[in-house]
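# Architecture at a glance
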Amino acid sequence: MTEAKVIIADDHPLFRTALKHAIVECIVDTPILEADSFDDLLVLIEKNASLEIVFLDLHMPGNNGFTGLTHLQNHHPDLVVIMVSSDDNPETMQKAINFGAAAFIPKSADLTTIGQAIDTVLEGGVWLPQNTSANANQQLVAEHQRLAKQLAQLTPQQYVVLTQIADGQLNKQIAYDLDIKETTVKKHVSAILLKLEVNNRTLAGLAYQQLMLTPSQNELTNS
């Protein structure tokens, strides 16, 4: 049996079915795995070393904005991530690319457009709907790209510690959750501050929260 190279992570079965139709036209003879939550996605990734491409829903359970995207880049840097969502706000789509996605496909796209996006990614390119990046705020683009590079420098455990810092947890709580010594947590925190180029854990948490969607973006739609 051919090992799966593609996984669709989306909690809407109808969209997964539509996306599969487009994928099989572009990637012949490959099984396609499916996950309906981010936790299930992580389990399948660990069990399938041959995976190359992940289609990741922006709003699926367990994924808050671009936290899932950066988690995959930190823990599984060889995976190509294509974001999908019914939230087709140009700022949101550009932000996905800034944080390292290879493409952002709106769920309103027809099968032909989805196929074009997949072909572009397979050829090593980056795809966004036409004119999306024409009016991008270049300062924001640079800031997001800088943060993405900084997050990529974190070790997987440092990344996990950062998520808990952003959640307001103290070193003692983090040590208990991760079953490590509090002195080890302190070392991780020091390394995180250095790599993110910030002076305290509050600023580190705020940096991580940039990965989340703003309230106005969340209110646009809930894919």
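Everything below is about the structure shown above.
Residues numbered from 1 in each chain as written. Predicted model: local features only at pLDDT ≥ 70, side-chain atom pairs only at ≥ 80, totals over all residues. Heavy atoms only, no water.

Turning our attention to the overall build of the protein chain. Within the protein chain one finds 11 helices and 5 strands. In terms of overall size, the protein chain behaves like a compact globule, its C-alpha atoms giving a radius of gyration of 18 Å where 223 residues would be expected to give roughly 17 Å. The dimensions of the protein chain, computed from C-alpha atoms along their principal axes, are 50 × 45 × 30 Å. Within the span of the protein chain, comprising 223 residues, buried residues form 48% of the whole. (Helix = DSSP H or I, 4+ residues; strand = E, 2+ residues; numbered from the N terminus. Rg over C-alpha atoms; globule rule 2.2 N^0.38 Å. Buried < 20%, exposed > 50% of the residue type's maximum accessible area, 1.4 Å probe, protein only.)

Looking now at the packing of aromatic side chains. A full pass over the atoms with the stated rule returns 2 aromatic pairs. Centroid distance phenylalanine 66 to phenylalanine 99: 5.9 Å. Interplanar angle 40°. Geometry classified as tilted. One end of the pair, phenylalanine 66, is in the loop between β3 (53-57) and α3 (67-75); the other, phenylalanine 99, is in the loop between α4 (90-98) and β5 (103-106), and 33 residues separate them in sequence. Residues phenylalanine 66 and phenylalanine 99 agree in their burial class; the two are buried. Their ring planes at 75° and their centres at 6.0 Å tell us that tyrosine 159 and tyrosine 208 sit as a pair that is edge-to-face. Of this pair, tyrosine 159 sits in helix α7 (residues 156-166) while tyrosine 208 is found in helix α10 (residues 201-209), placing the two residues 49 residues apart along the sequence. Here tyrosine 208 falls in the buried class, since its relative accessible area comes to 7%. (Phe/Tyr/Trp six-rings, centres within 6.5 Å; stacked < 30°, edge-to-face > 60°.)

Mapped onto the fold, histidine 75 is located in helix α3. For histidine 75, a relative accessible area of 25% puts it in the partly exposed group. Along the sequence, histidine 75 and aspartate 40 sit 35 residues apart, while their C-alpha atoms lie 15 Å from each other. Beyond its immediate sequence surroundings of up to four residues, histidine 75 is in contact with Pro156, Tyr159 and Val160. (Contact = heavy atoms within 4.5 Å.)

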